Amino acid sequence: MIPQKNQFSEVDDWDEPEEAIRVYSKAEIAAMQQRNAARYRALSPWKIILAQVLITAISMVFWSIFGEPVGVSLYTQSAFLGGLISVLPTTLFLIRLELAKKSQRLNPGRFLAALVSGEFIKIAVTLMLFIGIAFYVPGVLWVPLLVTYLLALKCVWLAWLWR
């Protein structure tokens, strides 16, 4: 005989009552989604990439105005490289997920594998870009590059405000 929970002990205050789990039908879930559609709109990841490009452009304008000399200078080019380091890996990650969605044999395991491999690609490309710029771009200014990179990374926060 397999002992049941609390078979040999008294019920005390520490025991939690079991919660009833409500199972919704497909029609009920569709009705809830439709009712809350205005509040929970789908967020396009391409809008995040667009926001990253816009933030990069704004940062380039800022650095071209306040950099020395005024105009297109090493400050502006460094800001561009910072935005590129953010936008390019994010775009590759998104393309990887889009290809996985269009696959004929999509299941949760394959999508998770695509998500993990896409994230690996994103990290690897980011590291390669940072290392490549450090070695092959002479005189790069790290402050505009890193500021633009961090601003472009935080565009995900802006995307939540658009919802």
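Calculation rules
- Position numbers for residues count from 1 along each chain, tracking the sequence in the order it is written.
- For this predicted model, a pLDDT threshold of at least 70 governs which residues receive local features, and a threshold of 80 or more governs which side-chain atom pairs are given and counted, while totals over whole chains, interfaces and linings are taken from all residues.
- Calculation of side-chain values draws on the structure's entire complement of heavy atoms; hydrogens and water are dropped beforehand.
- Put simply, DSSP H or I for four residues or longer makes a helix, DSSP E for two residues or longer makes a strand, and each gets a number counted from the N terminus.
- We call a residue buried when its accessible area falls under 20% of the maximum for its residue type, exposed when it is over 50%, and partly exposed in between, using a 1.4 Å probe and counting protein chains only.
- Note on definitions: a residue-residue contact is assigned when non-hydrogen atoms from the two residues lie within 4.5 Å.
- Structural elements are reduced to axes, namely lines fitted to C-alpha atoms, with helices fitted over the stretch in contact, and the angle between N-to-C directions of any two is expressed from 0 to 180 degrees.
- Angles are sorted into four bins: roughly parallel if under 35 degrees, roughly antiparallel if over 145, roughly perpendicular if 65 to 115, and oblique for all others.
- Throughout, a crossing is termed right-handed when the near helix is turned clockwise from the far one, and left-handed when it is turned anticlockwise from it by less than a right angle.
- Classes in brief: Ala, Val, Leu, Ile, Met, Phe, Trp, Tyr, Cys and Pro nonpolar; Asp, Glu, Lys and Arg charged; the others, Gly included, polar.

Novice: Please provide a residue-by-residue account of the side chain of Thr91, values included.
Specialist: Take Thr91: it is sitting in helix H3 (residues 74–101). Residue classification places Thr91 among the buried positions, given a relative accessible area of 19%. Those residues in contact with Thr91 that lie beyond four places of it in its chain are Trp46 and Ile49.

Novice: Break down the packing of helix H2 (residues 45–66) against helix H5 (residues 142–153) for me, citing the residues and quoting the values.
Specialist: For the pair H2 and H5, the least separation of the axes is 9 Å and the interaxial angle reads 150°. Taken together, H2 and H5 sit at an angle that is classed as roughly antiparallel. Like other packed secondary-structure pairs, H2 and H5 cross with a definite hand, here right-handed. Residues Gln52, Ile55, Thr56, Ser59 and Trp63 of H2 form the contact with H5, whose own contacting residues are Val143, Pro144, Val147, Thr148, Leu151, Ala152 and Leu153. Residues of the contact of H2 with H5, tallied by class, amount to eight nonpolar, four polar and no charged.

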